[in-house]
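What follows is each chain in one-letter form.
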Amino acid sequence: MAATVERLLGKSIKRREDPRFITGRGTYVDDLKVAGTTHAVFIRSPHAFARIKKIDTAAALKHPGVVAIFTGADMTGVNSLPCGWLLPELKVPPHMPLASDAARYVGDPVAVVIAETQDAAQDAAEKVKVTWEPVAAVSATDQATAAGSPKIHEVAPSNVAFKWQIGDAAAVDAAFRGATIVKKRIVNQRLVANPMEPRACLARYDDATGELTLWVTSQNPHVHRLLMAAFVLGIPEHKVRVIAPDVGGGFGSKIFLYNEETICSWATRKLKRPIKWTSTRREAFQTDAHGRDHVTEAEMGFTREGKIVGLRVKTIANLGAYLSTFAPAVPTYLYATLLNGVYEMPAIHAEVTGVFTNTVPVDAYRGAGRPEAAYLVERMIEAGASALKMDCTELRRKNFIPKFDNGYQTKVALSYDSGNYGAAFDRLLAMVDYRKFRSDQEAARKQGRLMGIGFSTYIEACSIAPSKVVGSLGAQAGLYESGKVRVHPTGSVTVYTGSHSHGQGHETTFSQLVADELGIPMEQIEIVHGDTGQIPFGMGTYGSRSGAVGGTALLMSLRKIKEKGKKIAAHLLEASPDDMEYENGQFQVKGSPDKAVPFGTVALTAYVPHNYPEGLEPGLEETSFYDPSNFCFPFGAHACVVEVDRDTGHVKILRYVAVDDVGNVMNPMIVDGMVHGGIAQGVGQALWEGAVYDGGQLVTGSMMDYAMPKADMLPMYETDRTVTPTPVNPLGVKGAGETGTIASTPAVVNAVVDALAPLGVDHFETMPLNAERVWQAMQKSKR
């Protein structure tokens with residue numbers, strides 16, 4: 001009888017990939033050494049908006065070591081970088097890899113120098129002379145459409161890319177009659193992603209085969225290949241291989257097709273030499289897609305008893321100078337469709353206007369639309385509690401959607417999968433000991449101390465699907481995932497996943513899944529990802545989709561493997577396949593574990609089919625593509641306790657408590673790490689981070705000026721979970737990668753506002769709530 005195999009899924013197992021990372025044995029794009037490699041340096045606009053009159057490369061071409069210099073005029077036959085999400089009446093301006101008519105933001109590339117060494121390329125780049133004709137620029141979100149603002153693109157005379165709405169305006173108007181209305185202007189400031197590894201690429205063309213290989217820091221290599229090869233360069237996809245090796249973080253900023261990898265891929269075919277480019281940190285600030293940047297007027301209506309009657313939202317979303325790959329989706333279908341939050345809302349209407357400005361393009365950044373929605377809803381809940389003179393926890397309780405297990409239709413198109421919002425909130429209040437805190441707070445106030453507590457009860461949408469639905473909404477790609485499982489003759493297993501790992505721990509969690517399903521040790525399992533030459537077409541990693549979508553695709557293939565294995569084992573045991581089951585790493589006759597064939601024997605038989613079922617193909621390898629029937633909707637409740645220094649305005653976080661519900665958990669330690677990291681980014685936005693433009697110049701264009709949080713600025717987190725499995729996928733998992741970012745920003749801001757309530761401060765229009773901004777609000781309240 002086979003021994004019972006210990007279940008691994010759901011256990012905190014140390015990450016398999018970490019030893020190579022922490023010992024410096026990871027392989028990142030800049031680590032790659034290819035014979036004959038040249039180096040690229042880009043000439044970028046120093047102006048926010050300027051016509052290009054002339055580019056003089058004569059002196060630069062004479063610099064020792066220079067191989068070539070290209071401008072936009074050289075890139076004939078190359079198309080615009082595509083927008084991958086098309087809304088009705090969307091204005092899509094050309095976005096050429098190298099600007100040739102005008103530069104539209106500081107950092108817009110206009111030429112590239114390619115040389116034998118990085119130093120030679122950099123020195124030569126400084127000799128390229130560009131004659132500019134600067135023109136007036138606009139960078140402020142709420143000024144883009146103002147009278148007299150410069151026209152950035154001919155196709156968008158008023159700088160409006162789209163106007164979009166959702167919900168029922170008439171229903172909101174009716175609901176507001178006789179209601180208590182709270183109104184707030186809410187600015188969700190622009191952010192810079194700043195992953196640890198900057199973007200990089202290495203392009204190599206093989207003239208003998210006509211094949212192009214691109215190593216690139218990408219979260220979705222197949223999408224990168226499709227967009228670049230088919231839509232921009234016009235190269236057959238089967239002649240392009242895109243490899244994303246170890247990638248040091250992304251947070252959304254490495255989803256998109258960028259100018260640099262496209263230019264290097266084009267140039268390597270011209271020069272027939274490998275070309276490498278690695279972004280500097282300053283370039284990253286000026287070229288990586290930024291996030292957020294909303295200006296919103298919001299109104300929420302309540303009955304006297306505190307029931308929400310409606311929500312009206314008007315948002316201006318800054319898209320930057322061009323449409324990044326999925327930019328139109330973020331402030332529309334990933335933002336406004338989440339405005340229902342976790343509350344019963346009889347009526348909602350949202351209008352979103354997307355605008356062009358002379359700034360870095362804006363696209364998905366960790367959470368992508370959902371943090372903006374959660375921040376708005378949670379700030380309005382707090383404003384409502386203040387207006388009604390009601391405890392904020394009681395107001396939330398009054399409005400939670402009751403527990404449901406299989407579907408709740410919102411007023412903004414989405415149907416939630418499963419939820420138990422009150423349970424997560426109750427668990428949070430118990431951990432915080434809310435009543436005791438209010439008592440302690442009152443005592444502190446009598447001593448002149450400004451302590452506050454803030455809450456955030458949030459929901460997010462992840463595992464965006466199904467493809468048919470998102471296609472009807474404008475998506476220019478499917479949103480399924482692929483998973484291939486190859487069992488080798490010796491019983492070891494190689495897994496090929498279309499999901500991509502850039503810090504999420506796929507090599508561990510997917511190994512746990514396979515080990516559990518097959519009852520074999522994790523050491524026998526290899527996880528392969530990030531290489532279009534090896535894996536089936538996959539959509540990559542973003543939107544907290546890897547476990548729910550990528551994991552389910554693997555599960556489907558594993559089940560196919562076991563079904564075929566049952567036929568082989570049944571033949572060996574002279575039994576019926578219908579009588580077989582798979583338990584503890586062996587195929588056995590149901591109820592008879594002594595009549596069994598080990599997994600390894602079946603694997604060998606599949607490849608040495610001497611004693612084999614008639615009509616069954618040899619081999620043991622299966623591929624699946626999983627297209628979910630709906631999104632998954634993680635949720636939870638976070639609380640933050642702060643103290644504000646009366647003299648300086650400095651905010652100190654005393655406690656941070658989080659209760660999340662991500663459905664079934666594949667690896668609790670990895671989920672905790674995701675929550676911790678997400679909270680850090682959300683707290684960073686609330687208290688320190690913010691990209692600031694002045695006259696089109698990025699003032700916060702380096703680590704000297706952009707205030708990334710340091711480890712000693714963050715508290716220890718207290719985390720817990722409730723478990724509400726999703727009915728959408730067989731694993732019952734939702735998503736965990738973005739929960740902390742979505743929840744933490746409103747929790748922190750609500751806490752600061754609560755701390756300052758005795759001074760009469762009830763709102764901050766914009767973040768971050770750094771010491772200066774808080775101090776100024778305190779001084780203003782004294783007047």
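Remember, predicted model here, so these are calculated numbers, not experimental data.

Points about the overall build of the chain
Moving on, step 1. Within the chain, the regular secondary structure consists of 18 helices and 30 strands.
Moving on, step 2. Relative to a compact globule of 783 residues, whose C-alpha radius of gyration would be 28 Å, the chain shows 28 Å and is just as compact.
Moving on, step 3. In terms of principal-axis extent, the alpha carbons of the chain reach across some 90 × 75 × 50 Å.
Moving on, step 4. Expressed as a percentage of its 783 residues, the buried residues of the chain come to 62%.
Moving on, step 5. As displayed, the chain offers around 29100 Å² of accessible surface, 51% of which is attributable to carbon and sulfur atoms.

Considering the sheet that holds strand S6 (residues 129-134)
In a beta sheet, neighbouring strands are held together by backbone hydrogen bonds and run either parallel or antiparallel to one another.
Moving on, step 1. Here three strands make up an open sheet; going across it, the order is S4-S2-S6 and the pairing antiparallel. In this open sheet, the two strands that pair with only one neighbour each are strand S4 (102-103) and S6.
Moving on, step 2. Bridge count for strand S2 (residues 50-56) against S6 is six bridges, and the pairing is antiparallel. Counted as the bridge partner of Arg51 is Glu133 from S6.

A word on a nonpolar patch on the surface
Moving on, step 1. Taken together, the side chains of Leu604, Tyr607 and Val608 present a nonpolar region at the surface, about 230 Å² in accessible area.
Moving on, step 2. Within the element layout of this structure, Leu604 appears in helix H15 (residues 599-607).
Moving on, step 3. The class for Leu604 is partly exposed, based on a relative accessible area of 44%.

Let's talk about the layout of surface pockets
Moving on, step 1. Roughly 700 Å³ of volume is contained in the second largest pocket.
Moving on, step 2. For the lining of the second largest pocket, the elements supplying multiple residues, two or more each, are strand S8 (180-191) and strand S13 (291-302).
Moving on, step 3. The biggest single contributor to the lining of the second largest pocket is S8, with five residues.
Moving on, step 4. Across the lining of the second largest pocket, the residue classes break down as 13 nonpolar, 11 polar and eight charged.

A short note on the sheet that holds strand S23 (residues 586-589)
Moving on, step 1. Spatially, the three strands line up as an open sheet ordered S22-S23-S24, and their pairing is antiparallel. Either end of the sheet is taken by a strand with one partner, and the two such strands are strand S22 (580-583) and strand S24 (592-598). Averaged over neighbouring strand pairs, the angle between their axes works out to 40° when direction is ignored.
Moving on, step 2. With four bridges connecting them, S22 and S23 associate as antiparallel partners. Directly across from Met580, in S23, lies its bridge partner Val589.
Moving on, step 3. Sheet strands touched by helix H14 (residues 546-573): S22, S23 and S24. Its angle to S22, the strand with the most contacts, is close to 115°.

Comments concerning the pattern of salt bridges
Moving on, step 1. Throughout the structure, instances matching the rule amount to 46 salt bridges.
Moving on, step 2. One salt bridge connects Glu621 with Lys484, and the closest N-O pair in it is separated by 4.0 Å. Of this pair, Glu621 sits in strand S25 (residues 621-626) while Lys484 sits in strand S19 (residues 481-487); the two residues are 137 residues apart in sequence, bridging distant segments of the chain.
Moving on, step 3. Exposure remark for Lys484: the relative accessible area of 12% places this residue in the buried category.
Moving on, step 4. Overlapping salt bridges, with partners in common, bring together Arg44, Arg199, Glu260, Glu261, Glu283 and Asp288 in one network.

Focus on helix H16 (residues 668-687)
Moving on, step 1. In this model H16 runs 28 Å from its N-terminal to its C-terminal C-alpha over 20 residues, within 8% of the 28 Å that 1.5 Å per residue would give.
Moving on, step 2. Most of H16 sits out of view: 15 of its 20 residues are buried.

Some words on the pairing of strand S18 (residues 450-459)
Moving on, step 1. Judged by how many residues are buried, S18 sits mostly within the fold: 10 of 10 residues are covered.
Moving on, step 2. In this sheet, strand S26 (residues 635-644) lies alongside S18 in antiparallel orientation, the contact comprising 10 bridges. The residue bridging Met451 from the neighbouring strand is Glu643, located in S26.

Focus on the side chain of Asn194
Moving on, step 1. Within the fold, Asn194 resides in the loop between S8 and strand S9 (200-206).
Moving on, step 2. At a separation of 3.4 Å, a polar atom in the side chain of Asn194 contacts the side chain of Arg281.
Moving on, step 3. With sequence-adjacent residues up to four places away left out, Asn194 is seen in contact with Phe251, Arg281, Phe285, Met703, Tyr706 and Met708.

Here's the deal with the nonpolar core
Moving on, step 1. Membership of the largest hydrophobic core comes to 164 residues, with the highest contact counts inside it found for Leu339, Leu376 and Leu756.
Moving on, step 2. Among all residues touching Leu339, those that are not within four sequence positions of it are Leu311, Val313, Met345, Ile348, Ala350, Ala373, Leu376, Val377 and Val412.
Moving on, step 3. Of all hydrophobic cores here, the second largest spans 44 residues; its members include Met522, Ala548, Phe587 and Leu620.

Quick word on helix H6 (residues 259-271)
Moving on, step 1. For H6, with 13 residues, the first-to-last C-alpha span of 18 Å sits near the 18 Å given by 1.5 Å per residue.
Moving on, step 2. The buried fraction of H6 amounts to 10 of the 13 residues, a majority that puts the element mostly inside the structure.
Moving on, step 3. Here H6 has its buried residues at Asn259, Glu260, Glu261, Thr262, Ile263, Cys264, Ser265, Trp266, Ala267 and Thr268.
Moving on, step 4. Just downstream of H6, Lys272 is the residue with a positive phi angle, here 55°.

Regarding the environment of Trp277
Moving on, step 1. Its place among the elements puts Trp277 in strand S12 (residues 275-278).
Moving on, step 2. The exposure class of Trp277 is buried, given its relative accessible area of 1%.
Moving on, step 3. Sequence separation of Trp277 and Val78 is 199 residues, and the distance between their C-alpha atoms is 20 Å.
Moving on, step 4. If we ignore the near neighbours within four places in the chain, the residues touching Trp277 are Ala40, Phe42, Arg44, Arg199, Ala200, Cys201, Glu260, Cys264 and Glu283.

With respect to the environment of Trp215
Moving on, step 1. With respect to the element layout, Trp215 can be found in strand S10 (residues 211-216).
Moving on, step 2. Taking the relative accessible area as the measure of exposure, Trp215 reaches 12% and is therefore buried.
Moving on, step 3. For the pair Trp215 and Leu32, spaced 183 residues apart in the sequence, the C-alpha separation amounts to 8.8 Å.
Moving on, step 4. Those residues in contact with Trp215, other than ones at most four positions away along the chain, are Val29, Leu32, Ala200, Cys201, Leu202, Arg204 and Ile243.

Quick notes on the rules
Residues numbered from 1 in each chain as written. Predicted model: local features only at pLDDT ≥ 70, side-chain atom pairs only at ≥ 80, totals over all residues. Heavy atoms only, no water. Helix = DSSP H or I, 4+ residues; strand = E, 2+ residues; numbered from the N terminus. Rg over C-alpha atoms; globule rule 2.2 N^0.38 Å. Buried < 20%, exposed > 50% of the residue type's maximum accessible area, 1.4 Å probe, protein only. Areas by Shrake-Rupley, 256 points an atom, 1.4 Å probe, with all protein chains shown as cover. Pairing = 2+ DSSP bridges. Patch = residues over 30% accessible without salt bridge, like charges linked within 9 Å, V, L, I, M, F, W, Y side chains within 5 Å. Salt bridge = Lys/Arg side-chain N within 4 Å of Asp/Glu carboxyl O. 1 Å grid on protein atoms, 1.4 Å probe; cavity = no way out; pocket = protein on both sides within 12 Å on 5 of 7 lines; lining within 4 Å. Points joined across faces, edges and corners; volume = space filled by probe spheres on them. Nonpolar A, V, L, I, M, F, W, Y, C, P; charged D, E, K, R; others polar. Axes fitted to C-alpha atoms, helices over the stretch in contact; angles between N-to-C directions. Contact = heavy atoms within 4.5 Å. Expected span 1.5 Å × (residues − 1). Polar contact = N/O pair within 3.5 Å; in protein donor to acceptor, adjacent residues only side chain to side chain. Core = buried A, V, L, I, M, F, W, Y, C linked by side-chain atoms within 4.5 Å.

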